[in-house]
Amino acid sequence: MTPGQRDYAVRCTACAATATYPAYRCAGCGAPLVLDLAALAPGQHRPGAGIGVWRYAGMLPRTGHAVSLGEGGTALVPLSLGPSTVYAKLESLNPSLSFKDRAMALAASAALDLGIEGLVLASSGNAAVSAATYAAAAGLRCRIFCATGSGAWAKLDVARAHGADVEVVEGHYSDAYRHATTAEQAGWLNVTTTYRNPLLAEAYRPLAAELVEQLGGAPDVVVVPIGAGPLLHGVLRGFQDLYAAGATTSIPRMAGVQAAACAPLARAWRSADWRAALSRPVDVAPTAAAAIADALHGYADEGLLTLCAVRDSGGEIVAVDEAAITAAQHELAHRGLLVEPAAATALAALATPAVAALTGADPAARVVLLLTGHGAKEPHRAGE
Ligand SMILES: [Zn+2]
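Rules used in this analysis
- Residues numbered from 1 in each chain as written.
- Predicted model: local features only at pLDDT ≥ 70, side-chain atom pairs only at ≥ 80, totals over all residues.
- Heavy atoms only, no water.
- Helix = DSSP H or I, 4+ residues; strand = E, 2+ residues; numbered from the N terminus.
- Rg over C-alpha atoms; globule rule 2.2 N^0.38 Å.
- Contact = heavy atoms within 4.5 Å.
- Areas by Shrake-Rupley, 256 points an atom, 1.4 Å probe, with all protein chains shown as cover.
- Lys, Arg positive; Asp, Glu negative; His and termini not counted.
- Charge placed at Lys NZ, Arg CZ, Asp CG, Glu CD.
- Polar contact = N/O pair within 3.5 Å; in protein donor to acceptor, adjacent residues only side chain to side chain.
- Donors = N, O, S within 2.8 Å, 3.2 Å for Na, K, Ca; no water.
- Tetrahedral: all angles 85-135°; square planar, octahedral: opposite > 155°, others 65-115°.
- Buried < 20%, exposed > 50% of the residue type's maximum accessible area, 1.4 Å probe, protein only.
- Axes fitted to C-alpha atoms, helices over the stretch in contact; angles between N-to-C directions.
- Parallel < 35°, antiparallel > 145°, perpendicular 65-115°, else oblique.
- Nonpolar A, V, L, I, M, F, W, Y, C, P; charged D, E, K, R; others polar.
- Core = buried A, V, L, I, M, F, W, Y, C linked by side-chain atoms within 4.5 Å.
- Pairing = 2+ DSSP bridges.
- Phe/Tyr/Trp six-rings, centres within 6.5 Å; stacked < 30°, edge-to-face > 60°.

Tell me about the overall build of the protein chain, residues and numbers included.
When you go through the protein chain residue by residue, the secondary structure sums to 12 helices and 13 strands. In summary, the protein chain has a C-alpha radius of gyration of 19 Å against a globular reference of 21 Å for 384 residues, a match within 12%. Along the first, second and third principal axes, the C-alpha set of the protein chain runs to 50 × 50 × 40 Å. Considering only contacts within the protein chain whose residues lie at least 6 apart along the sequence, 71% involve residues at least 24 apart. When the accessible surface of the protein chain is split by element, carbon and sulfur atoms take 53% of a total near 13600 Å². Separation of charge centres in the protein chain, based on 27 positive and 32 negative side chains, amounts to 4 Å.

Printed below as a string of structure tokens:
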């Protein structure tokens, strides 16, 4: 057992019924499930001797295994941009070049604990590479459903290189999601990185602790590219943990950003009735930021978790167009940071009035951009 980890219970987000992990939806009302983690014990947020995400094992749910390839602990670099102090958190430098590795280290560990033979997931590419990587490291099988609309051919080749079975599904991400939910019934651990698996978003809590350690306190704003948004949700929960434990005196405002080509959460955010807005079909146009293009068809209620998290933090959700994404990607590349278009949306979001207003043009405000994925996996989308 990894020392100092936290006990957890699985709870329905709608009716408060409890469930036993692994569970994916409330048996009573069908709503998404989340984990309730025990409160942090004094000092439990401090880094320990583990490697990768297990360095902050005290912030993670209890597992018996601790699979790691050295994920997490990513660099935070300052960018000279705008009136505020802006930093880039290089999640693009995780072992499989995206932030998903934090979740898959936890997922692979849980699968070993449960004696499950393999990981199955829907993916737009990054999660596929990450799941295949960590399944290989843990000696697990891996089965991936990826939609044609994601266009993630290069990423799928990487997943296959790690031994994963890849099935290409006609349509968009939500179509792949449906296939993965069928496979979970055959006893595979569904590690689709929406909120489908309630364990996975909790893997992002240590990212908050890393930022507090790197900055000497919480930033004022964290900008997060979002599909369904569990990364944003998990990072906020980490800050809430740290605040409750007295390890930081503030909690940042969370800014979610989507590509305008597929932006169900940005659309719902601006509406008076989130549920009604989410239940309306989303037109999905082609976007370079395919990694965050999730129409939430069939699981729009998962999006509510992200909307509530952003509201609770006093944040914003915005959409940015293709020209802004490309310009941001070039800007970062010319500063030595090669990221994929989905990651570049974080920089593009800074130029929107809604996100700019979060800092109030305060030169002392500290803004962190989560650069979620590296550009090297998609050289054809790396620009110029
Ligand atoms: Zn329920």
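An account of the environment of Thr 194 is needed here, citing residue identities and associated values.
Inspection of the secondary structure assignment puts Thr 194 in the loop between strand S9 (189-190) and helix H5 (205-215). With 102 residues separating them in the primary sequence, Thr 194 and Leu 296 have C-alpha atoms 9.1 Å apart. Not counting the four nearest positions on each side in its chain, Thr 194 is found in contact with Tyr 173, Tyr 177, Ala 228, Pro 230, Asp 294, Tyr 299 and Glu 302. Only 3.1 Å separates the side chain of Thr 194 from the backbone nitrogen of Arg 196, close enough to count as a polar contact. For Thr 194, the side chain forms a polar contact with the side chain of Glu 302, separated by 2.8 Å.

If you had to explain the coordination of the zinc ion to someone new, which residues and values would you point to?
Around a metal, the perfect tetrahedron of four donors has angles of 109.5 degrees, and the perfect octahedron of six donors has angles of 90 or 180 degrees. Here the zinc ion is held by Cys 12 (SG), Cys 15 (SG), Cys 26 (SG) and Cys 29 (SG), and the distances to it run 2.2 to 2.3 Å. Its four donor atoms give the zinc ion angles of 101 to 121° at the centre, a pattern that matches the tetrahedral case. Here the donor residues of the zinc ion are spaced in sequence according to C-x2-C-x10-C-x2-C. Taken together, the positions of Cys 12 in strand S1 (residues 8-12) and Cys 29 in the loop between strand S2 (18-19) and strand S3 (33-37) put the pair 17 residues apart, joining distant regions of the chain. Classification of Cys 12 by relative accessible area gives buried; the value is 1%. For Cys 29, a relative accessible area of 41% corresponds to the partly exposed category.

Lay out the packing of helix H10 (residues 322-333) against helix H11 (residues 341-350) with the relevant residues and their values.
Contact geometry of H10 with H11 gives a least axis separation of 8 Å together with a crossing angle of 90°. Between H10 and H11, the angle is such that the two are roughly perpendicular. Of the residues in H11, those touching H10 at Ala 324, Ile 325, Ala 328, Gln 329, Glu 331 and Leu 332 are Pro 341, Ala 344, Thr 345, Leu 347 and Ala 348. When the residues that make up the contact of H10 with H11 are grouped by side-chain class, the tally is eight nonpolar, two polar and one charged.

Tell me what's going on with the nonpolar core, and back it up with residues and numbers.
With 103 residues, the main nonpolar core has Ile 144, Val 191, Phe 239 and Leu 307 as its most contacted residues. The element that contributes the greatest number of residues to this core is helix H1 (residues 100-114), accounting for eight residues. Setting aside anything within four residues of it in sequence, one finds Ile 144 in contact with Leu 121, Ala 128, Ala 132, Leu 156, Ala 159, Ala 164, Asp 165, Val 166 and Glu 167. Counting residues in hydrophobic clusters, the runner-up holds 31 residues, among them Leu 337, Val 339, Ala 344 and Leu 358.

Which residues make up the sheet that holds strand S4 (residues 76-79), and what values do they have?
The strand order across the open sheet formed by six strands is S4-S5-S13-S10-S11-S12, and the pairing between neighbours is mixed. Edge positions in the sheet fall to S4 and strand S12 (316-320), since each of these pairs with one other strand and no more. Direction aside, the axes of adjacent strands within the sheet are offset by 25° on average. Pairing analysis gives five bridges linking strand S11 (residues 253-259) to S12, with the strands arranged parallel. Paired with Val 257 across the bridge in S12 is Val 318. Sitting on the sheet, helix H6 (residues 230-244) touches strand S10 (221-225), S11 and strand S13 (366-370), and the angle it makes with S11 is about 170°.

Which residues make up the packing of aromatic side chains, and what values do they have?
Here the structure, examined in full by the defined rule, presents four aromatic pairs. Each ring, one from Tyr 8 and one from Tyr 21, has its centre 6.3 Å from the other, and the planes form 85°; the classification is edge-to-face. Taken as a pair, Tyr 8 in strand S1 and Tyr 21 in the loop between S2 and S3 lie far apart in primary sequence, 13 residues in all. When its relative accessible area of 28% is taken as the criterion, Tyr 8 is described as partly exposed. Ring centres of Tyr 177 and Tyr 299 lie 3.7 Å apart, and the angle between their planes is 15°; on these two criteria the pair is classed as stacked.

Honestly, that's just the spatial picture; any functional story needs more than this.
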